[in-house]
Amino acid sequence: MKETNYKMPDWRIYSITDMVHWKDYGTRLSPRTFAWATGDAYAAQCVYRNGKFYWFVSTFHKKDDNSQGGAAIGVAVSDRPTGPFKDAIGKALIINEMTKDKPHAWDDIDPTVFIDDDKQAYLYWGNLSCRWVKLKDNMTELAGPITVLNIKNYIEGPWLYKRKKLYYLVYASAGTKPEMIEYCTAPSATGPWTYQGIIQGNVPNSGTTHPGIADYKGKSYFFYHNGSLPDGGNFRRSICVDEMHYNRDGTIQPIVQTTKGVAPAK
Ligand code: CA
């Protein structure tokens, strides 16, 4: 049966040492891990700090004393990258009620976390609105007010990182319908952000795409998704990775998508 909406029951882990042969560890985290959560496993990012792995996730909140429901961001923690992970707080880190600049209930999704050279951690997130907040050293509490940014063509899926002296905010964007990936750069983790353009165009057979960036063994890799597997589509997306290249001034060259798809679903 073809799905008619997103269906993502849990979070999975894969590892790799040669960028060819992926090892599948299966499901290692689920919304069920969070007593306050209900619904699906939305976008997530795991970061390492002081011997622990903090897995920031977006999912949905039950209607209870803390929230009237809607999307929320939680944190799971483990001593190992493969788990077992447990709820690091016992409640959500971000609930829908904390941000009110957008009226829809799923605006608080897609966390990205970056720890700067001075050890200050930053959380960026949001659908149709890009927000950031400082995190305390324990990674489980906010360390200041939430700031809402005005980022050109921003839709969702931010990815924050630093390379050399430049900070990058890469995100799924409204360059054209469907989504593309665009980015900004800044002299600090909090901006001011300068728009730099489109780095990845539309993807085959999926209206959404989503960036994840990692350097490994001397190369930079750009992770994203498309719907190009034989039974793929908007609601059956698959993960892709391609190499990423920088110009001398730090700008990012357009991503060449090599995962073209073999038999797009009807
Ligand atoms: Ca909200």
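The structure reproduced in this document is the subject of the present report. Think of each chain on its own: its residues are numbered from 1, step by step along the sequence as written. Only residues with pLDDT of 70 or above have their local features reported here, since the model is predicted, and side-chain atom pairs are shown and tallied only from 80 upward, although totals for entire chains, interfaces and linings are computed over all residues. Side-chain measures here rest on the full set of heavy atoms in the structure, leaving out hydrogens and waters.

**Some remarks on the packing of aromatic side chains**
What counts here: Here the aromatic set is Phe, Tyr and Trp, taking the six-membered ring for Trp, and pairing holds for ring centres within 6.5 Å; pairs whose planes are under 30 degrees apart are stacked, those over 60 apart are edge-to-face, and all others are tilted. Working definition: with a 1.4 Å probe on protein chains only, accessible area under 20% of the residue-type maximum means buried, over 50% means exposed, and in between means partly exposed. In DSSP terms, a helix is any run of H or I states spanning at least four residues, a strand is any run of E spanning at least two, and both are numbered starting from the N terminus.
Under the definition given, this model contains 15 aromatic pairs. With 5.3 Å between their ring centres and 50° between their planes, F34 and W36 make a pair best called tilted. The class for F34 is buried, based on a relative accessible area of 1%. Residue class for W36 comes out buried when judged on its relative accessible area of 5%. Ring geometry for W55 and F85: centres 4.9 Å apart, planes at 65°, overall edge-to-face. Here W55 is found in strand 5 (residues 52-61), whereas its partner F85 is found in the loop between strand 6 (70-78) and strand 7 (86-87), with 30 residues between them in sequence. The pair W55 / F85 is uniform in exposure class, with both members buried.

**Some points on the nonpolar core**
Condition: By nonpolar core we mean a set of buried residues, namely Ala, Val, Leu, Ile, Met, Phe, Trp, Tyr and Cys, connected to one another through side-chain atoms within 4.5 Å. By definition in these notes, contact holds between two residues if any of their heavy atoms fall within 4.5 Å.
Membership of the largest hydrophobic core comes to 17 residues, with the highest contact counts inside it found for Y161, V170, I199, F222, M244 and I252. Taken together, the elements giving at least two residues each to this core come down to strand 12 (154-163), strand 13 (166-173), strand 14 (180-186), strand 17 (219-226) and strand 18 (238-244). Look past the residues within four positions of V170 in its chain and what remains in contact with it is G157, P158, W159, Y161, I181, E182, Y183, I199, P211, I213 and F222. Within the second largest apolar cluster, 16 residues are counted, among which are L149, Y171, A189 and W193.

**Notes on the sheet that holds strand 8 (residues 112-115)**
The criterion, for reference: For two strands to be treated as a pair, DSSP must find no fewer than two bridges joining them. Throughout, an axis means a line fitted to C-alpha atoms (over the contacting stretch in the case of helices), and angles, computed between N-to-C directions, take values from 0 to 180 degrees.
Judged by pairing direction, the sheet is antiparallel, and its four strands sit side by side in the order 8-9-10-11 without closing on themselves. Looking at the sheet topology across the chains shown, the edges are occupied by strand 8 and strand 11 (147-149). This sheet shows a mean twist of 25° between the axes of neighbouring strands, independent of strand direction. Two strands pair when backbone bridges link them, and strand 9 (residues 121-125) and strand 10 (residues 130-135) are joined in this way by five bridges, in the antiparallel orientation. When the sheet's bridge partners are listed, L123 is paired in strand 10 with V133.

**Brief notes about the pairing of strand 4 (residues 44-49)**
The alternating pattern of strand 4 places Q45, V47 and R49 on a buried face and A44, C46 and Y48 on a face that is not buried. Two strands pair when backbone bridges link them, and strand 4 and strand 5 are joined in this way by six bridges, in the antiparallel orientation. By the bridge assignment, R49 is partnered in strand 5 with K52. Between strand 4 and the antiparallel strand that follows it, strand 5, lie two residues; N50 among them carries a positive phi value of about 50°.

**Remarks on the coordination of the calcium ion**
Rules: We call an atom a donor if it is N, O or S and sits within 2.8 Å of the metal, or 3.2 Å for Na, K and Ca. Water is not counted, so some sites may look partial.
Protein coordination at the calcium ion: the donors are N96 (O), N96 (OD1), T99 (O), T99 (OG1), D107 (OD), D107 (OD) and D108 (OD), at 2.4 to 2.8 Å from the metal. For the calcium ion, the single-chain donor residues occur in sequence as N-x2-T-x7-D-D. Judged on exposure class, the residue N96 and its partner T99 are both buried.

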